[in-house]
Amino acid sequence: MVLLALGLPLQAQEPGQSGSSTATETASHGAGHGRRGRGPKRLMLANGEGAVIRLWRPDLSSVILRPEHGSVTLSPTGMEGLHALVVQRDWGDGEETLLRYLDLRGKPTGHSPRDLLAVAKSRFEIVPDPQPREHRRYRSGEEWGFLLRFDNRPVAGVAVTLTTAQGTRLDAVSAADGSVEFTLPDDFPRLVEGVKDGRSAGFQVSAVYRHQQLEYRTSLDADYRVDPRHWRSSGWGVAVASLGLVAGGLVGRRIRRREGVQ
Amino acid sequence: MKLPVNVSVLRKLVQVTAFVFLVFGGLFGSYYYLADKLSGALPALSCAYDYQSSDYCTLITFQHQLAHRVGPGLTGDIDLMSGLMPFAVTFGTFVLLFVVLNKAFCGWICPLGTFQELLNMLGRKLGLRQTEGLSRNTVQRLRPVKWLLLLLLVFGFPLLTGLGWLDHDLRDPYCKICPSRILTTLATGNGGELTLDQASPVTLVLSLAADFLFGLMIALALTLRQPFCRICPMLALHAVFRKIGLLRLVKQATPRCDRCGLCARACPMDIGEIHTEMEKRDVTFDDCTLCGRCVEFCPDREVLQLRYLGLPLFSSSPEYFKRRKRAQLHWDRNTLLHRPDGPAAGRAGAK
Ligand code: SF4
Ligand code: SF4
């Protein structure tokens, strides 16, 4: 079966997957909030014939997007918040789904990201649990949870794989409540300690589930960033706070001498 | 009306409940996403960096909207109306909330205010020597600091960043030094905010200031009441709108007022004017947190009152004063480490 892929994670094609669909995101990011782009985004889709592409908006309405000349354009929806792009292909003997969440700008809708995460967007789905909060990103070194759902019910005992654009592969099995956790690997090459590194790369969480002789293959696609602990030191933070404590003790004593004690 | 507990105890119960709800609310309800938080414009320092918080303070929203909306709106990078509208909505929400409780958001709700009070109680229980109160001179010198922080760090730098005149790292400089960010994230087990950030010279300076200020505040709070509140920009923001709040501190001065001064000594913010003010009826001063301690420790009937919508909620009285003073003496006597020169009997210390 062909593995669909979108955006950056396509750089992390799994070895041996010939004929993969490929897509490259050429997004115009909004100033100040990285991925929270205002303008249209274009997604290059190679080998994506026959796939149905649907964009879910925060208010749970959705539109079908039509690929043109191997690309699909995401126009602003005018709504603020979490959107989901779902690419689906029916292979006759199964279904393949690729899902990517996008945090887009616009007017507030009053809907929580919770609403979009709760709704079933495909029969077999990997749901971020939780989705990184608004203005937050996945970062290497952090543990994040995901939920496996089939027909909106948790599925246990399914093998799940996380692959990153740097080629790291992690395996896990979903627990009784359908949950699975991964610690995003700190695998960015050429990191320099003490120097901010704004790189991001893609990762994909994938699983296959068999139901009534049909094979359901699903992937969740997202980006992760370099662990800020490479340039943010907790040790120094505690040391400076301790210095503040000592200074506070001294200042307090001085104040008491000058202004009286109780 | 005779309360089953004194106002200080009642306030402490409200404060601790508010602390748990605001800092850990996400554990009981569904407040994880920013869109789920109660208002996003709370007039108290509950922190947006705390993922479990049920709401977050208006200062971060102001800073981000000035930097990302108002500034770009003014430079024409985005449509002016869509730049100004979110700011107007936040401002409106803040004012609506503020009207309900006025400055009592500080004295009764703010997690950082509560933390400082609890630290001071701890300091007293440990028998640490306490600063009786700051002199009028020191208080006067400290007062402008909160206005500077409000004008420069909450409004000025973020707007200048939005206009493209300052480094992007200065888009939310107050949050970068705010002790509530470190406190509430640590409280939820996240040590990621107590760090030294070497990303740029700006982040390095701001994180140095934040960590130092956090330590300084803790040490000072053990022996001095509300050290950070005295320079808090939220207190300044409250001061701007204090005339529209429905809860007020009201005084009907008597000739005895200028001699006793117990109210001013009870005040955790050392507002001497409560004692000396003989003309104004509304004595909700800029630094007041509407904690009500001055009312508790005023021995004269109905000289000081907390009034809501003009109706008296709590009034000073000799009977209450006597009960309260007894409770204070009992509280002050029970310290873990006794000092012969310990808290003076009858002094209106913290409880
Ligand atoms: S850092 Fe301080 S000012 Fe910023 S959101 Fe947190 S409490 Fe509010
Ligand atoms: S003045 Fe004190 S109580 Fe009020 S918001 Fe600031 S820290 Fe909180």
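For every chain, the first residue of the written sequence is number 1, and numbering continues from 1 onward in sequence order. Whichever chain is written first is A, and whichever ligand is written first is 1; the rest continue in order. Under the rules for a predicted model, residues below a pLDDT of 70 receive no local features and side-chain atom pairs below 80 are neither given nor counted, while totals for whole chains, interfaces and linings still include all residues. For side-chain calculations, the full set of non-hydrogen atoms in the structure is used, while hydrogens and water are omitted.

Within an unreviewed UniProt entry, the label attached to chain B reads 4Fe-4S binding protein, and the organism entered is Sedimenticola thiotaurini.

Draft legend 1. Seen up close, unusual backbone geometry. With an omega of 0 degrees, the peptide bond running from D129(A) to P130(A) counts as cis. Positive phi outside glycine occurs at D270(B), with the angle close to 55 degrees. As for its position among the elements, D270(B) is in the loop between α12 (262-266) and α13 (273-276). One non-glycine residue, L309(B), lies in positive phi territory at about 55 degrees. Secondary structure counts use DSSP, requiring at least four H or I residues in a row for a helix and at least two E residues in a row for a strand, with both numbered from the N terminus.

Draft legend 2. Representation of the sheet that holds strand β2 (residues 247-251) of chain B within the structure. Residue and element names in this part refer to chain B. A strand pair is defined by DSSP finding two or more bridges across the two strands. Overall, antiparallel pairing links the three strands, which are arranged β2-β3-β4 in an open sheet. Lying at the two open borders of the sheet, with one neighbouring strand each, are β2 and β4 (311-315). Pairs of neighbouring strands in the sheet enclose a mean axial angle of 35 degrees, with direction left out of account. When strand β3 (residues 304-308) meets β4, the two strands line up antiparallel, connected through four bridges. Residue pairing across strands places R307 opposite P312, the latter belonging to β4. A fitted line through C-alpha atoms serves as each axis, taken over the contacting stretch for helices, and the angle formed by two N-to-C directions is quoted from 0 to 180°.

Draft legend 3. Just the nonpolar core, in detail. What makes a nonpolar core is a set of buried Ala, Val, Leu, Ile, Met, Phe, Trp, Tyr and Cys residues whose side-chain atoms join them at distances within 4.5 Å. For the exposure calls, accessible area comes from a 1.4 Å probe over protein chains only, and a residue counts as buried if that area is under 20% of its type's maximum, exposed if over 50%, partly exposed in between. Counting 76 residues, the largest nonpolar core has L45(B), Y174(B), F228(B), L249(B) and L304(B) as the members making the most contacts within it. Per-element accounting of this core gives the leading share, seven residues, to helix α9 (residues 201-221) of chain B. Note: domain ranges come from an automatic or database domain assignment. When we break this core down by domain, the ones giving at least three residues each are domain 1 (7-237) and domain 2 (247-347) of chain B. Apart from the residues within four sequence positions on either side, F228(B) is in contact with L45(B), L112(B), Q116(B), Y174(B), P179(B), L213(B), M217(B) and P233(B). Ranked by size, the runner-up nonpolar core spans 37 residues in total, among them A84(A), W144(A), F182(A) and F188(A). A contact between two residues is defined here by any heavy atoms of the two lying within 4.5 Å.

Draft legend 4. Main features of the packing of aromatic side chains. Residue and element names in this part refer to chain B. Ring pairs shown here join Phe, Tyr and Trp side chains whose ring centres sit within 6.5 Å, with only the six-membered ring taken for Trp; geometry is labelled stacked below 30 degrees between planes, edge-to-face above 60, and tilted in between. If you walk through the whole model with that rule in mind, you get 22 aromatic pairs over all chains. With a centroid separation of 6.4 Å and an interplanar angle of 55 degrees, the aromatic rings of F19 and F24 are classed as tilted. On the numbers, 5.1 Å between centres and 40 degrees between planes, the contact of F62 with F87 is tilted. Note that F62 is positioned in helix α2 (residues 58-75) and F87 in helix α3 (residues 80-101), a separation of 25 residues in sequence. By relative accessible area, F87 is classed as buried at 18%.

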